[in-house]
Every structure is written in C-alpha cells, then in structure tokens.
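Observations on the model geometry
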Amino acid sequence: MSINGKGPLHLVHALEERKRKGLFRSLKYNYPKTDFSSNDYLGFSKKGLIEKKLQALQIKESGSTGSRLISGNSQLTEDLENSIAKFHSAEAALIFNSGYDANVGLVSSIPTKRDLVLYDELVHASIHDGVRLSFAKSYKIRHNDVDHLKRMIERNLPVVDTIYVVVESVYSMDGDCAPLKEIVKLCDNKTVFLIVDEAHAIGVFGKNGRGLCSELGLEENIFARIYTYGKAMGCHGAAVVGNETLRNYLINFARSFIYTTALPQHSLLSIEAAYELLLEGKLQEQLRENISYFNSLTKDFIPSTSAIHCKLFPGNHNVDIIEAQFEKKDMFVKGIKSPTVKEGAERIRVCLHAFNTKEEIKNLVNLINE
Ligand SMILES: Cc1ncc(COP(=O)(O)O)c(C=O)c1O
C-alpha cells in the first residue's frame, strides 16, 4: 500500500499548529538581488573567486570514498589541517564536514558525566544539540554575563571534575561579540576550559581574518576553537583547532567525525583556496569599511562591530511585513522571528558584505528609517 498522502497523524498536526502560529517554514530560492542576508561576508562564494583558483587544479575524484578512518583520508587533508593549525596559531586542527558536525562532535564527546558544560544562552543550535547528546550536566549562562558565569563556575567547581565554557566569538542573532578577555580569565586550563565558536568571526576579525581570538591575542588560552567554512570562507566544512591531544581524542571519540564520509577533494581544495584569498586581505578591508559606514548611518541597532546588525521590531507579523517591503525593493534582508529569538525580541537582521556598495547601504538604511 502506498504511503503517499498518509503517515503518522502527529506530523500533520504539528505542521498545522505551526501554520496557525504563523511559524511554518518552507524552502525558497530566487532571492532578492541586493544581498544583505547571506553569510558570504567577503563575497568569496558569489564572485567565483574560489572556483577560479580551483580551475587551475585538476580534480580527479568526485567523492572521498569513505570516512577518514577507513578510506577517506589523504595527504591533501593532512597537509591542509597542518596549514589550518599554523594559520590559527595552534598545535593541530581537525576538519569536520560542517560547523554543525564539528560542534555536535566536540561538545557531545569531550565532557563526561562528571563534568559540567556552561554555555551562553544564545549559542547556536549545534552547540545545544551537542550538549543534549553529552552525558555531562549543563547550565545556560545569561548572554555575555561574565558575573553570572563566574558565580556558576565558583558554585559548581567543588562538585564536578571539569567545567567546559562554550561561547561564540560573534553571536549570529545579535551580531555582538563575547567579552572573551574577561571569559578567558575565568578559565584556568586545569579544571575550567574554554571552547569558542568563531563561525561568524573568521574572515571578519583579526589579521587576515584570523578571527576574534587572534585579534585579542587569546589563541593560546583557548582549549578549542571552531572555524566554519560556509560563511565568510564561501565554501563548506569546518575545523576544530587546538592541541594534538584534542585532535587525537576527537578522531577516537567524536561520532560526527568517525561515522560519516569525509569531504571530497573539491571541498578541501576550496578551503585551501579560501585561506589563500584571506591572505590577500583586500576584501576584509572592504568589509570593515562597510561595517564602519553602516554604523555611522545607524543608531538604534544592537551595537555591533561584526558583519551582523540587528534592529528589534517586536512581533512576528511586523517582521513579515518589513521583510516583504525589502523584497519589493529587491533587497534581501531577513526577519528573525520567535521562537528562533525570544518572543518580543523579533528583529530584522542585516548581514553586510565586502561587495555591498555605499549606495546600497544608504538605500537600506533609508528604507529601515522609513
Ligand atoms: C555560530 C555557528 N556555529 C556553527 C554553525 C554551523 O555551521 P555550518 O553551517 O558549517 O554547519 C553556524 C551556522 O549557522 C553558526 O552560526
């Protein structure tokens, strides 16, 4: 008997409930032309910059044929990991298939049931999922609240073996940065270790886009950093960067690393090409200029020096209306609704890019002010 049009009823009910609340998600394409929404902050993906570099190389395989521990490893992968480690001033790096995989693998495998994970309330879903899969206890810390974090560390240290603090250097829904210098001071690297997700900082902060940890000179103090390649790097994949023991541990225990087919040559060479583009440095300068220009024109946005800028427009309905107004002008600006953000904190989110022109930015700000 065909399953078409049938299935467990709760699927239908859950979808109806979503529709009733105005939260039904559906896939779209044909995005408006002026991009203020993608994570392609430097335009590496759009302009075919990586593809141009790849054309010169002869790619001989379409798939990697297996997981890294079976048949999917290569000299290319290991050399790339060594150069990633060097670029980020670390002992070692390990490539994952995506940032999602990296966070889930890292956060689920490292803390044991005698440990505690303290994570910022605004961290990405992949970190939440890693915490859910781990056997450790966990608590949310109020966003960027260093005093709260300090109190939670002091209160729990006597009753757990190790505490892992997990934060992002740039938060994807607010665009603000973590107070990393203060957080680092609370992590002694003996019983309290820091994990920093740099997904939205690579390419944007630091010399040649090395990230915020590098800009602040903190690389050596951080147990693990996650760099993702689907945003400013314009390609795909991620790396966890830290010491050799961390790398070996993940190879042995991170299930999202072990039980999946490794990235193909094309993806690895794209990552390599993206790092080469970072070293050229020009586009990062253009992006920083656009961020300063945008900040000079606006005042009631959540303060941000990153590529992400948000303004609150409470109410999912309001956000829908504003998004549609942008679309009419062929501008791609996303509204962020609850429950992705807290009720009442619905917002529009502007992602700035190196390729946005001053005129586009000015038109955007004028429209927002209207
Ligand atoms: C902070 C953060 N970490 C991790 C990820 C996941 O990275 P990827 O898209 O490579 O799976 C994202 C993606 O949205 C993110 O914003």
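Scope of this entry: the structure provided in the associated data block. Note that the structure is predicted; figures quoted are calculated from it, not measured.

Section: the overall build of the protein
- The helix and strand tally for the protein stands at 14 helices and 12 strands.
- Computed over its C-alpha atoms, the radius of gyration of the protein comes to 21 Å, within 12% of the 21 Å expected for a compact globule of 370 residues.
- If one aligns the C-alpha atoms of the protein with their principal axes, the spans along those axes are about 60 × 55 × 55 Å.
- Counting across all 370 residues of the protein, residues that qualify as buried make up 53%.

Some words on the sheet that holds strand β3 (residues 116-120)
- If you trace the 7 strands from one edge of the open sheet to the other, you get β2-β8-β7-β6-β5-β3-β4, paired in mixed fashion. Of all the strands in the sheet, just β2 (92-96) and β4 (137-141) have a single pairing partner and so form its edges. Pairs of neighbouring strands in the sheet enclose a mean axial angle of 20°, with direction left out of account.
- When strand β5 (residues 163-168) meets strand β6 (residues 192-197), the two strands line up parallel, connected through 6 bridges. Paired with Val-167 across the strands is Val-196, a residue of β6.
- Contacts between helix α4 (residues 99-109) and the sheet are confined to β2, β6, β7 (224-228) and β8 (238-242), with β7 contributing the most and set at about 160° to the helix.
- Here helix α5 (residues 125-133) sits on the sheet in contact with β3, β4, β5 and β6, set at roughly 165° to β3.

Things to note about the pattern of salt bridges
- In this structure the tally under the stated criterion is 14 salt bridges.
- Close ionic contact of Lys-342 with Glu-121 constitutes a salt bridge, the shortest N to O distance being 3.5 Å. Taken together, the positions of Lys-342 in the loop between β11 (334-336) and β12 (347-351) and Glu-121 in the loop between β3 and α5 put the pair 221 residues apart, joining distant regions of the chain.
- Its salt-bridge partner being Lys-334, residue Glu-323 comes within 3.8 Å of it at the nearest N-O pair.

Here we look at the packing of aromatic side chains
- Overall, the coordinates contain 9 aromatic pairs when judged by the stated rule.
- Ring centres of Phe-294 and Phe-301 lie 5.2 Å apart, and the angle between their planes is 90°; on these two criteria the pair is classed as edge-to-face. Accessibility classification places Phe-294 together with Phe-301 in one group, the buried group.
- Above the plane of the ring of Phe-24 lies Lys-19, whose end atom (NZ or CZ) is 4.6 Å from the centre.

Digging into the sheet that holds β12
- Across the sheet, 3 strands lie side by side as β9-β12-β11; this open sheet has antiparallel pairing. In this open sheet, the two edge strands, each paired with only one partner strand, are β9 (308-312) and β11. Averaged over all pairs of adjacent strands, the angle between strand axes in this sheet comes to 30°, irrespective of strand direction.
- Where β11 and β12 come together, 3 bridges link them in antiparallel fashion. Pairing of Ile-336 across the sheet is with Arg-347, part of β12.
- Helix α13 (residues 316-328) rests against β11 and β12 of the sheet, and its axis sits at about 170° to β11.

Considerations on helix α9 (residues 244-253)
- Considered for burial, the residues of α9 that qualify are Leu-246, Arg-247, Leu-250 and Ile-251. Down the axis of α9, the sector holding all buried residues measures 135°, keeping them to one side. Seen from the buried face of α9, the exposed residues on the opposite side, beyond 90 degrees, are Thr-245 and Asn-252.
- Elements in contact with the buried residues of α9: α3 (75-87), β2, α4, β7, β8 and α10 (255-258).
- Here α9 starts with a cap whose side-chain oxygen sits 3.2 Å from the backbone nitrogen of Thr-245, and that cap is Asn-243.

Digging into the side chain of Lys-311
- Along the chain, the position of Lys-311 falls in strand β9.
- Side-chain polar atoms of Lys-311 contact the side chain of Asp-300, separated by 3.1 Å.
- Excluding anything up to four places from it in sequence, Lys-311 contacts Asp-300, Phe-301, Glu-346, Arg-347, Ile-348 and Ile-368.

Points about the site of the ligand
- By nearness alone, 13 residues border the ligand, and Gly-99, Tyr-100, Asp-197, His-200 and Lys-231 come closest of all.
- In the model, an oxygen atom of the ligand is placed 2.7 Å from a nitrogen or oxygen of the His-200 side chain.
- Taken by itself the ligand offers 390 Å² of open surface, and the protein chains cover 82% of this.
- In terms of residue count, α4 provides more of the shell around the ligand than any other element does, 3 residues in total.
- Each residue belonging to the shell around the ligand can be placed in one class, and the counts come to 2 nonpolar, 8 polar and 3 charged.

Rules behind the numbers
Residues numbered from 1 in each chain as written. Predicted model: local features only at pLDDT ≥ 70, side-chain atom pairs only at ≥ 80, totals over all residues. Heavy atoms only, no water. Helix = DSSP H or I, 4+ residues; strand = E, 2+ residues; numbered from the N terminus. Rg over C-alpha atoms; globule rule 2.2 N^0.38 Å. Buried < 20%, exposed > 50% of the residue type's maximum accessible area, 1.4 Å probe, protein only. Pairing = 2+ DSSP bridges. Axes fitted to C-alpha atoms, helices over the stretch in contact; angles between N-to-C directions. Contact = heavy atoms within 4.5 Å. Salt bridge = Lys/Arg side-chain N within 4 Å of Asp/Glu carboxyl O. Phe/Tyr/Trp six-rings, centres within 6.5 Å; stacked < 30°, edge-to-face > 60°. Lys NZ or Arg CZ within 6 Å of the ring centre and 35° of its normal. Arc of directions from axis to C-beta. Polar contact = N/O pair within 3.5 Å; in protein donor to acceptor, adjacent residues only side chain to side chain. Near = heavy atom within 4 Å. Areas by Shrake-Rupley, 256 points an atom, 1.4 Å probe, with all protein chains shown as cover. Nonpolar A, V, L, I, M, F, W, Y, C, P; charged D, E, K, R; others polar.

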